[in-house]
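Listed below, chain by chain, are the residues.
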Amino acid sequence: MIAIIGGGGAGLMAGGLLASQGQSVTIFDGNEKCGKKIYITGKGRCNLTNDCSIVEYLNNVVNGQKFMMGAIRRFSPQDTIDYFEANGLKLKVERGSRVFPLSDKASDVTKTLLKTCKDCNIKLNEKVEDLRFDEKTNKFIITTSKGIMPHFEKVIVATGGKSYSLTGSTGDGYAFAKKFGHNIIKPCGALTAIEIKDKFASSIMGLPLKNVELKAKFDGKKKLLFGEMMFTDKGITGPIVLSMSSFINRCQKVELAIDFKPALSEEELETRILRDFSVNQNKNLAYILRGLLPKNFVPVFLTKTCLDGEKKVNSVTVNERKTIINTLKNFTLTFSKLYPLESGIVTSGGVDLKEINPKSMESKLQKGLYFIGEVLDVDCLTGGFNLQTAFSTAYSCAKAIIEEEQC
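Peer 1: Teacher, can you tell me more about the overall build of the protein here?
Peer 2: Counting its secondary structure elements, the protein contains 12 helices and 22 strands. Here the protein holds 407 residues, and the buried ones make up 55% of them. Looking at the protein, you have 56 positive and 44 negative side-chain charges, and the mean spots of the two groups are 3 Å apart.

Peer 1: I keep staring at the sheet that holds strand β15 (residues 221-231) and nothing clicks. Help me out?
Peer 2: Backbone-to-backbone hydrogen bonds join strands into a sheet, with any given pair of strands oriented parallel or antiparallel. Spatially, seven strands are ordered β18-β17-β14-β15-β16-β13-β19 in an open sheet, and the strand pairing comes out antiparallel. Of all the strands in the sheet, the pair left with one neighbour each is β18 (331-333) and β19 (335-338). The mean inter-strand angle of the sheet, taken between neighbouring strand axes irrespective of direction, is 40°. Strand direction decides the pairing type here: strand β14 (residues 208-218) and strand β17 (residues 254-259), joined by six bridges, are antiparallel. Note on β17: the bridge partner recorded for Lys 215 is Ala 257.

Peer 1: Mind showing me how you'd approach the environment of Thr 237 here?
Peer 2: Counting through the fold element by element, Thr 237 comes out in strand β16 (residues 235-237). Owing to a relative accessible area of 17%, Thr 237 belongs among the buried residues under this scheme. For the pair Thr 237 and Gly 206, spaced 31 residues apart in sequence, the C-alpha separation works out to 9.5 Å.

Peer 1: Sorry, what's going on with the packing of helix α8 (residues 266-279) against helix α11 (residues 318-329) here?
Peer 2: Helices that pack against each other are described as a pair by the angle of their axes relative to one another and the distance between those axes. Between α8 and α11, whose axes approach to 10 Å, the crossing angle comes to 125°. Between α8 and α11, the crossing angle belongs to the class labelled oblique. In the packing of α8 onto α11, the handedness of the crossing is right-handed. In this structure, α8 uses Glu 266, Leu 269, Glu 270, Ile 273, Leu 274 and Phe 277 to contact α11, whose residues at the interface are Arg 321, Ile 324, Ile 325, Asn 326, Leu 328 and Lys 329.

Peer 1: Sorry, what's going on with the side chain of Thr 80 here?
Peer 2: Relative to the helices and strands, Thr 80 resides in helix α4 (residues 77-86). With a relative accessible area of 0%, Thr 80 lands in the buried category. The contacts of Thr 80, once residues within four sequence positions are left out, are Thr 49, Phe 75, Gln 388 and Phe 391.

Peer 1: Looking at this structure, I do not really get the sheet that holds strand β9 (residues 139-144). What am I missing?
Peer 2: With respect to topology, three strands assemble into an open sheet ordered β8-β9-β10, the strand pairing being antiparallel. A single partner strand is all that each edge strand has here, and the edge strands are β8 (128-134) and β10 (147-152). The mean inter-strand angle of the sheet, taken between neighbouring strand axes irrespective of direction, is 20°. Across six bridges, the pairing between β8 and β9 is antiparallel. By the bridge assignment for β9, Leu 131 is matched with Ile 142.

Peer 1: I keep staring at the pattern of salt bridges and nothing clicks. Help me out?
Peer 2: If charged atoms from side chains of opposite charge come close, those side chains can pair. Summed over the entire model, instances satisfying the criterion amount to 19 salt bridges. For the salt bridge of Lys 92 with Asp 104, the shortest nitrogen-to-oxygen distance reads 2.9 Å. You can see Lys 92 sitting in strand β5 (residues 91-94) and its partner Asp 104 sitting in the loop between β6 (98-101) and α5 (106-116), a full 12 residues away along the chain. With relative accessibility at 21%, the residue Lys 92 sits in the partly exposed group.

Peer 1: Whenever I open this one, the nonpolar core confuses me. Can you help?
Peer 2: Nonpolar side chains in soluble globular proteins tend to be buried together. Within the largest apolar cluster, 75 residues are counted, with the highest numbers of intra-cluster contacts made by Phe 84, Val 155, Ile 156 and Leu 376. In terms of nonpolar packing, the next biggest core, distinct from the first, is built from 48 residues, Phe 218, Leu 293, Phe 335 and Leu 338 among them.

Peer 1: What exactly am I supposed to notice about helix α1 (residues 9-19) here?
Peer 2: The α-helix winds at 3.6 residues per turn, so residues separated by three or four positions along the chain end up facing the same way. Of all 11 residues in α1, 11 are buried, a share of seventy percent or more. Among all positions in α1, only Gly 9, Ala 10, Gly 11, Leu 12, Met 13, Ala 14, Gly 15, Gly 16, Leu 17, Leu 18 and Ala 19 are buried. Packed against the buried residues of α1 are β1 (2-5), β2 (25-28), α4, α5, β11 (154-157) and α12 (385-406).

Peer 1: Whenever I open this one, the layout of surface pockets confuses me. Can you help?
Peer 2: Here the idea is plain: a probe the size of a water molecule rolls over the atoms and shows the empty space left. Empty space within the second largest pocket amounts to approximately 320 Å³. Around the second largest pocket, the lining comprises 16 residues; the ones closest to its centre are Cys 188, Asn 249, Arg 250, Cys 251 and Gln 252. Only β12 (184-190) and β19 provide two or more residues apiece to the lining of the second largest pocket. Looking at the lining of the second largest pocket residue by residue, the class counts come to nine nonpolar, four polar and three charged.

Peer 1: How do you make sense of empty space enclosed by the protein when you look at a structure like this?
Peer 2: Taken as a whole and assessed by the stated rule, the structure comprises one cavity of 30 Å³ or more. In this model, the largest cavity occupies a volume close to 50 Å³. Lining the largest cavity are Val 346, Thr 347, Gly 373, Glu 374, Val 378, Asp 379, Asn 386, Thr 389 and Ala 390. Elements supplying a minimum of two residues to the lining of the largest cavity: β20 (346-351) and α12. Of the residues forming the lining of the largest cavity, the biggest block, three residues, is contributed by α12. Here the residues of the lining of the largest cavity are counted per class, giving three nonpolar, four polar and two charged.

Scoring rules and cut-offs
Residues numbered from 1 in each chain as written. Predicted model: local features only at pLDDT ≥ 70, side-chain atom pairs only at ≥ 80, totals over all residues. Heavy atoms only, no water. Helix = DSSP H or I, 4+ residues; strand = E, 2+ residues; numbered from the N terminus. Buried < 20%, exposed > 50% of the residue type's maximum accessible area, 1.4 Å probe, protein only. Lys, Arg positive; Asp, Glu negative; His and termini not counted. Charge placed at Lys NZ, Arg CZ, Asp CG, Glu CD. Pairing = 2+ DSSP bridges. Axes fitted to C-alpha atoms, helices over the stretch in contact; angles between N-to-C directions. Parallel < 35°, antiparallel > 145°, perpendicular 65-115°, else oblique. Left-handed = near helix turned anticlockwise from the far one by under 90°. Contact = heavy atoms within 4.5 Å. Salt bridge = Lys/Arg side-chain N within 4 Å of Asp/Glu carboxyl O. Core = buried A, V, L, I, M, F, W, Y, C linked by side-chain atoms within 4.5 Å. 1 Å grid on protein atoms, 1.4 Å probe; cavity = no way out; pocket = protein on both sides within 12 Å on 5 of 7 lines; lining within 4 Å. Points joined across faces, edges and corners; volume = space filled by probe spheres on them. Nonpolar A, V, L, I, M, F, W, Y, C, P; charged D, E, K, R; others polar.

In structure tokens:
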């Protein structure tokens, strides 16, 4: 008898694979339905993987890259695509090699996984409250909201992280892991917005920036991300901000800056500005800056540089021009913190990977206990890579259990 705690992507994948090989599987989920977090991924469409190579996948793993090397080779993105299509789900590939169900319905991904779990005993609205191991019987005893079940040879913890707690990811898996002596890397938000101390953010809330470069310095490292971002009432968000949050979420001291013209060197930018000045000699500085920045951002830029927007460009000094260039290439933001863990798309942190066998996902501290998916200290960038991690760890776990049973 095998128990799986958590009926999300990882739990359902493992359950389906095990049941298909004749294993007796019981899946416990405290929600009224399985796959609750799947329903909200990809804005309700579920970006279930990325049609990329193994190397490309590993390049998108922020934490746990070495740990995932074996698992992703055992069950690659192409294997995920083949698995879902073999089980009747038609897929499509969109920008950035992101894979979605052809129907654009996340519910179809869950339905497909549930179909593979048709031989599993799925217990909904049954939250696991306690997990312990009985040395006398060599079996795990699970206590749920509905009673005690003392007869499982193996237990797979697939409870997810702590983000989006309304989907059932409340950190229970960490508590179970601690009971068996596991270290937990402090959970924090990943793929989340960033708060800044600069007061101007609220005045330009909702302002989008395109084709910019977000730069960060942290722990002696530098990271540059190109793309789109947006200001919120107290910070910044958008694709490159969410990705950057995953790199800086374990750091206390972070320096942030925006390069508004990453395609131009300082020399090239100066040439452009001089050309604009020569063509518009009688225009004021604010007018010229509207050709370099979003209109609503110009007042913020002028305040930052302490320049007079009404000043005619033919009277702008060399030093003032250098200030404009330097600030366009390095508009600093004062980092405060990340948005709360609850708002993160995924959780960074979790069960310490040093204590988990990367081939089987089995605990090195307790035989028969396994951890898969987001409960582990593995997190990736956006693009379907986090669900791929769930599926690959689930496959490694199921494969190891099946091989052990066959020995």
